Amino acid sequence: MRWWALGAVTLGTFMTYLDNNVGNVALPTIQRELGLTISGLEWIVSGYILVFAGLMLVGGRLADVFGARRTFLAGLTVFTLASLAAGLAASGAALIAARAAQGVGAALLTPTSLSLIRQIFPDPAERGRAVGVWSASGALSMALGPFAGGFISEHLHWGWIYLINVPLGVLTFGLAAWAVRPAFTRVRRGLDLPGLVTSALALSALTYALIEGSGAGWTSPQILGAFGVAAAAALAFVAVEARAAEPMIDLSLFRARVFSGGLLTMGVWSFGVFGIYFFSAMWLQNVLGLSPTQAGAGFVPMAVVMAVVALLSQRLAGRLGLARTVALGMTLMAAAVLFISRLGADAGYADVFPWFLLYGLGGGMLVPLTAAVLGGMPAGRSGVASGVLNVSREVFGLLGITVLGAILGSRQSASAEPPLPAFLDAYRFTLGIAVALILAGAAVALYSLRPGRPSPVEEQAAGPQATAPETAGSAN
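Predicted model only: the values in this text are computed from it and were never measured. (Residues numbered from 1 in each chain as written. Predicted model: local features only at pLDDT ≥ 70, side-chain atom pairs only at ≥ 80, totals over all residues. Heavy atoms only, no water.)

Colleague: Just checking my understanding: could you explain the overall build of the chain for this structure?
Modeller: If you tally the helices and strands in the chain, you get 20 helices and zero strands. Residue burial in the chain is summarised as follows: out of 476 residues, 56% are buried. At a minimum sequence separation of 6, the contacts of the chain that also span at least 24 residues come to 86%. Here the chain displays about 18,300 Å² of accessible surface, and carbon together with sulfur accounts for 69% of that area. (Helix = DSSP H or I, 4+ residues; strand = E, 2+ residues; numbered from the N terminus. Buried < 20%, exposed > 50% of the residue type's maximum accessible area, 1.4 Å probe, protein only. Contact = heavy atoms within 4.5 Å. Areas by Shrake-Rupley, 256 points an atom, 1.4 Å probe, with all protein chains shown as cover.)

Here's what the structure looks like:
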């Protein structure tokens, strides 16, 4: 029953991650058929990411208060109905609104899925394997998204990019209602409304600034204002949480070396994956001349390797240790990016293929990090801790695209070379910066994930987990 439950949780997460990038290839078709401006087109993507990232901590808190199963099923319902509305949308405004509603559902689904995995698999070894399966689905979605989007846009109506979620959502709901029944007692807690509001405002404003900064100008009033709102809301959130009787995030979590170091390591990983994935897709098309669908298919072998290694990585971590496994994975990723950066304009896909595989090998080795961060938290905080982990992925991923994109664009604009050589030079320079950042992440992993005396937070997690029932969710 537990593995059927994992299948339901994994399917739900797969749907949300797939939706992050499945529509990108079909955007020109959507623009033509709905008569959208460039700004409207951008908000089809941005509206989803903005709401998704902004409400993820809220989703984690709701899981801790009302039960992970209830929150998961509610999020799945919202996401499926919103997908139906998106697929049937007859105007740009309707599509953007439906995409925002999808973001609400995804914000409930994603952090809840990790919380459910902790409840369903109390044994650390089994939990590690379960997280490996969950992570493998995320890796596959990154590659299958552009490929599926391209195929649908070429052979079917663009609405099927979203309508395909409807039968998947119905199947997942039925499977989850039957199999996901964690038999744990839930501790009733308050919602911490000030924490919910300030966290959502801070994350939404930060995400908006990162999405719109390159287009509006990083020093424009609206972007500076958004950064200001994000900073003020973040400070208010810290002040509220420090005084709350039942804080949304107990700030003592960050005293746990594995939690804080793991978040930073995961953030650096996301920075590299999102940034390199985005700009490598441009490189495959602009330099190698592949079509969007071919470029999306080019990432499939990398994702398959990442998925396979994700399933085996827990065993490797058992032999090498968590710190060495994660640091080795980051180092392999850095090496792959370095070799890709040395390829010239005359390169072909065969030249990049082995380095994509090496990158996938390294990326899959980071899966034990998620299991370690999740397992190091007290049970009653697993929902919000999962939300924090996923926020780290999303925000650092956006940073990867915006920061590396700003560097690439600035260097390309300053070049006197023709457009193609200028892009290639800027792309290679940007990858060099990514290499340095990923290696820094490997150093952080070696330091923060090394064996040592557990913090009070980690000791609290170890005690109740073995002797008392979970408290973050219920079978209701």
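Colleague: Quick question: what am I supposed to make of the nonpolar core here?
Modeller: The nonpolar side chains of a soluble globular protein tend to be buried, and buried together. Among the nonpolar cores identified, the biggest contains 127 residues, and Ile30, Leu95, Ile117 and Trp283 are the most heavily contacted of them. Tallying contributions element by element places helix H15 (residues 322-341) first for this core, with 11 residues. For Ile117, the contacting residues outside a window of four places in its chain are Leu6, Val9, Arg127, Ala130, Val131 and Trp134. (Core = buried A, V, L, I, M, F, W, Y, C linked by side-chain atoms within 4.5 Å.)

Colleague: Help me understand the packing of aromatic side chains, please; the structure alone is not making it clear to me.
Modeller: Centre-to-centre distance and the angle between the planes together describe a pair of aromatic rings. Across all of its chains, the model carries seven aromatic pairs by this definition. Ring centres of Trp3 and Phe121 lie 4.8 Å apart, and the angle between their planes is 55°; this geometry places the pair in the tilted category. Of this pair, Trp3 sits in helix H1 (residues 2-21) while Phe121 is found in the loop between helix H6 (92-120) and helix H7 (124-155), placing the two residues 118 residues apart along the sequence. Residue class for Trp3 comes out partly exposed when judged on its relative accessible area of 41%. The class for Phe121 is buried, based on a relative accessible area of 0%. Between Tyr349 and Phe353, the aromatic rings sit 6.0 Å apart at their centres with planes inclined by 55°, giving tilted as the arrangement. Of this pair, Tyr349 and Phe353 are both found in helix H16 (residues 349-364), four residues apart, which corresponds to roughly one turn of the helix. Residue Phe353 is classed as partly exposed on the basis of its relative accessible area of 31%. Joined through ring pairs, the aromatic side chains of Tyr349, Phe353 and Phe356 make up one cluster. Directly above the aromatic system of Phe429 lies the positively charged group of Arg411, at a separation of 4.1 Å from the ring centroid. (Phe/Tyr/Trp six-rings, centres within 6.5 Å; stacked < 30°, edge-to-face > 60°. Lys NZ or Arg CZ within 6 Å of the ring centre and 35° of its normal.)

Colleague: Help me out: how do you make sense of the confidence of the model for the chain in this one?
Modeller: Low-pLDDT portions of the prediction should not be read for the details of their coordinates. In this model, the chain carries an average pLDDT of 79, and 86% of its residues clear a pLDDT of 70 or more. The spread of mean pLDDT over the elements of the chain runs between helix H20 (residues 456-467), the lowest at 46, and helix H5 (residues 68-87), the highest at 93. Below a pLDDT of 50 lies the segment residues 464-476, which in the model reaches 46 contacts outside its immediate sequence neighbourhood of four places, other chains included. (pLDDT = per-residue confidence, 0-100.)

Colleague: Sorry, what's going on with the packing of helix H14 (residues 300-320) against H15 here?
Modeller: Any two packed helices are characterised by how steeply their axes cross, that is the angle between the axes, and by the distance between the axes. At a minimum axis distance of 7 Å, the contact between H14 and H15 shows a crossing angle of 120°. Between H14 and H15, the angle falls in the class oblique. Contact with H14, carried on its side by Leu316, Ala317 and Leu320, involves Leu322, Arg324, Thr325 and Leu328 of H15 and no other residues of that element. A class-by-class count of the residues in the contact of H14 with H15 yields five nonpolar, one polar and one charged. (Axes fitted to C-alpha atoms, helices over the stretch in contact; angles between N-to-C directions. Parallel < 35°, antiparallel > 145°, perpendicular 65-115°, else oblique. Nonpolar A, V, L, I, M, F, W, Y, C, P; charged D, E, K, R; others polar.)

Colleague: Is there a simple way to explain the pattern of salt bridges in this structure?
Modeller: Opposite charge on two side chains lets them pair, provided their charged atoms get close. Tallied over the full model, the rule gives two salt bridges. A salt bridge links Glu126 to Arg2; its shortest N-O distance comes to 2.5 Å. Taken together, the positions of Glu126 in helix H7 and Arg2 in helix H1 put the pair 124 residues apart, joining distant regions of the chain. On the basis of relative accessibility, which here comes to 15%, the residue Glu126 falls in the buried class. (Salt bridge = Lys/Arg side-chain N within 4 Å of Asp/Glu carboxyl O.)

Colleague: Help me understand H6 in this model?
Modeller: Because each turn of an α-helix spans 3.6 residues, side chains separated by three or four positions end up pointing in the same direction. Here H6 spans 41 Å end to end across 29 residues, near enough to the 42 Å set by a 1.5 Å rise per residue. Of all the bends found along H6, the most pronounced is centred on Ser113 and spans about 30°. Within H6, 22 of the 29 residues are buried, which leaves the element mostly enclosed by the surrounding structure. (Expected span 1.5 Å × (residues − 1). Bend = angle between axes of the 7 residues up to and from the residue.)

Colleague: What is the right way to read H16 from this model?
Modeller: Here H16 spans 22 Å end to end across 16 residues, near enough to the 22 Å set by a 1.5 Å rise per residue. Among the residues making up H16, those that are buried are Val352, Phe356, Leu358, Tyr359, Gly360, Gly362, Gly363 and Gly364.

Colleague: Would you mind going over the side chain of Ser83 with me for this structure?
Modeller: Its place among the elements puts Ser83 in helix H5. With residues near it in sequence (within four places) discarded, Ser83 still touches Gln102, Tyr162, Leu163, Asn165 and Val166.

Colleague: Would you mind showing me how to read the packing of H15 against H16 here?
Modeller: It is at 7 Å that the axes of H15 and H16 come closest, and there the two elements cross at 160°. By the angle between their directions, the pair H15 and H16 is classed as roughly antiparallel. H15 and H16 meet at a crossing whose hand is left-handed. Contacts between H15 and H16 involve Gly329, Leu332, Met333, Ala335, Ala336, Val337, Phe339 and Ile340 from the former and Val352, Trp355, Phe356, Leu358, Tyr359, Leu361, Gly362 and Gly363 from the latter. Classifying every residue of the contact of H15 with H16 by side-chain character gives 13 nonpolar, three polar and no charged. (Left-handed = near helix turned anticlockwise from the far one by under 90°.)

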